[in-house]
Amino acid sequence: QDILFGCPVPVAGEINLGVLKEDHVNIIIHGHEPLLPEMIAVVVQEPEMIQYAQSKGAKGIQLAGMCCSANEILMRHGIPCAGNYLHQELGIITGAVDAMVVDVQCEMQSLANVAKCYHTKLITTDPRARIEGETLHIPFDEHHALDIARQVVREAIDNFPNRRAPVMIPKASTPTIVGFSYETIRYLLGGSIRGSYYTLNDNIIGGRVRGVCGVVGCNNCRTTQDSAHLTVIKELLKNDVIVLSTGCAAMAAGKAGLLTPEAASQYCGPGLAEVCETVGIPPVLHMGACVDNSRILMAATACVKAGGLGTDISDLPAAGCAPEWMSEKAIAIGQYFVASGVYVLFGVTWPTTGSEILTEYLFKGMEEIYGGKWDFEPDPERMAQKILAHIDLKRKALGIDKARERVLFDMEMRRKLEAEAAAAEAAEV
């Protein structure tokens, strides 16, 4: 995706249902494959398409995303995000969505029934993910991408005059700063010439930053939307742990106002707040869609390479968690991290608790092989405490658990240090 559409860089965006506009044709892109959303983002800016919308009585076209398709076009273009997983039915209920365009994964089968109660066209685009009762199926073909995108947008525009329910758009939207790819973080930590993760390592060693945690994953209908994500994130920030986030968890942070640099002074401990203010970054770094979790792993690898925090990912004072996971892909991604040496916690429920032998292997045995392990904690407050305890354990193993006294060397001390270094070099020769 980065090769096709470019590596994300910091960009301003906006999130929540308040990004919809009553006097515009509203199109929501929902799903996970970025090809069609990228093409629709191009088409809605074409003068002919805007004029066509105006001919139907609209002032323009408002494109918004939902779920990870939202993150893709938000990260690269600043296109607003209407919400995460549990927002999808609510978007239709506003009465303002003229078309919801879906591809694969995380689309509720109930969308067709909800759309029938309003004027919204539910357009499916992948033959593998049809929905019974869909309004329209337009198969996406990458060889005719722009033509198909234009067809989709025209369907939405043609539907604008058919609105029949009162439009009720919540006055809720929050500014965000997103686009923190692995490469962007490196640049922010030292520029194009001196960019290095050692700056982060140095602050971890010095104690300003206690550690790093990836908070990722879906919403889960068994929990209050976003509550577990925000409980964990706020507790970590308060304890000087910087958070890297993707997917629905990142959007939860965005709706709560945690994706702006100003959030650091309100939610962070003094050390992390100082670092965020100095670098000019939010305390929660939005790194993309759920398929972009590899960016977090690349950042962890860069920390090891930069030096000072051990020789393996399992040595880092770092952890990962998915407090509200519900999709099988979360298990696959989590296993990738565990096998790479990361301590990974899941919330809500866990699929292996019926087998003591397998659970024992996942929660303890794997650590002996890979350095990483699984854990399960349904209570988000206790999950945050487990993460902090793990980070402190890794800090102690590295010998950085205690504050070091800063010593200002005078000239005599410098000469002595230089003489000792010269003597050691001579002895080696």
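These numbers were taken from a predicted model, which means no experiment stands behind them.

The next point concerns the pairing of strand β8 (residues 174–178). Residues Thr174, Thr176 and Val178 line the buried face of β8, whereas the alternating positions Pro175 and Ile177 sit on a face that is not buried. In the sheet, strand β1 (residues 11–15) pairs with β8 via five bridges, with the strands oriented antiparallel. Within β8, the position partnered with Val11 by the bridge is Val178.

The full count for this structure, using the stated rule, is 22 salt bridges. In this structure, the salt-bridge partner of Lys255 is Asp226, at a minimum N-O distance of 2.7 Å. Taken together, the positions of Lys255 in helix α12 (residues 247–255) and Asp226 in the loop between β9 (211–215) and α11 (227–238) put the pair 29 residues apart, joining distant regions of the chain. With relative accessibility at 15%, the residue Lys255 sits in the buried group. A relative accessible area of 7% places Asp226 in the buried class. Members of the salt-bridge network, linked through shared partners, are Asp2, Glu72, Arg76, Asp292 and Arg295.

As a further point, take unusual backbone geometry. Positioned with a positive phi, Gln105 is a non-glycine residue whose angle comes to about 70 degrees. Relative to the elements of secondary structure, Gln105 occurs in the loop between β5 (97–102) and α6 (111–116). Judged by its relative accessible area of 31%, Gln105 is partly exposed. Its identity is not glycine, yet Cys106 carries a phi of approximately 75 degrees, on the positive side. Within the element layout of this structure, Cys106 appears in the loop between β5 and α6. Residue classification places Cys106 among the buried residues on the basis of a relative accessible area of 13%.

Another point: the sheet that holds strand β11 (residues 284–286). Spatial ordering of the open sheet is given by β11-β10-β9-β12-β13-β14, a layout of six strands whose pairing is parallel. Looking along the sheet, the strands with just one partner apiece sit at the ends: β11 and β14 (373–376). In this sheet, neighbouring strand axes are inclined to one another by 25 degrees on average, regardless of whether the strands run parallel or antiparallel. Bridging between strand β10 (residues 241–245) and β11 involves three bridges; their strand directions are parallel. The partner of Leu244 across the bridge, within β11, is Leu285.

Conventions and cut-offs
- Residues numbered from 1 in each chain as written.
- Predicted model: local features only at pLDDT ≥ 70, side-chain atom pairs only at ≥ 80, totals over all residues.
- Heavy atoms only, no water.
- Buried < 20%, exposed > 50% of the residue type's maximum accessible area, 1.4 Å probe, protein only.
- Helix = DSSP H or I, 4+ residues; strand = E, 2+ residues; numbered from the N terminus.
- Pairing = 2+ DSSP bridges.
- Salt bridge = Lys/Arg side-chain N within 4 Å of Asp/Glu carboxyl O.
- Axes fitted to C-alpha atoms, helices over the stretch in contact; angles between N-to-C directions.

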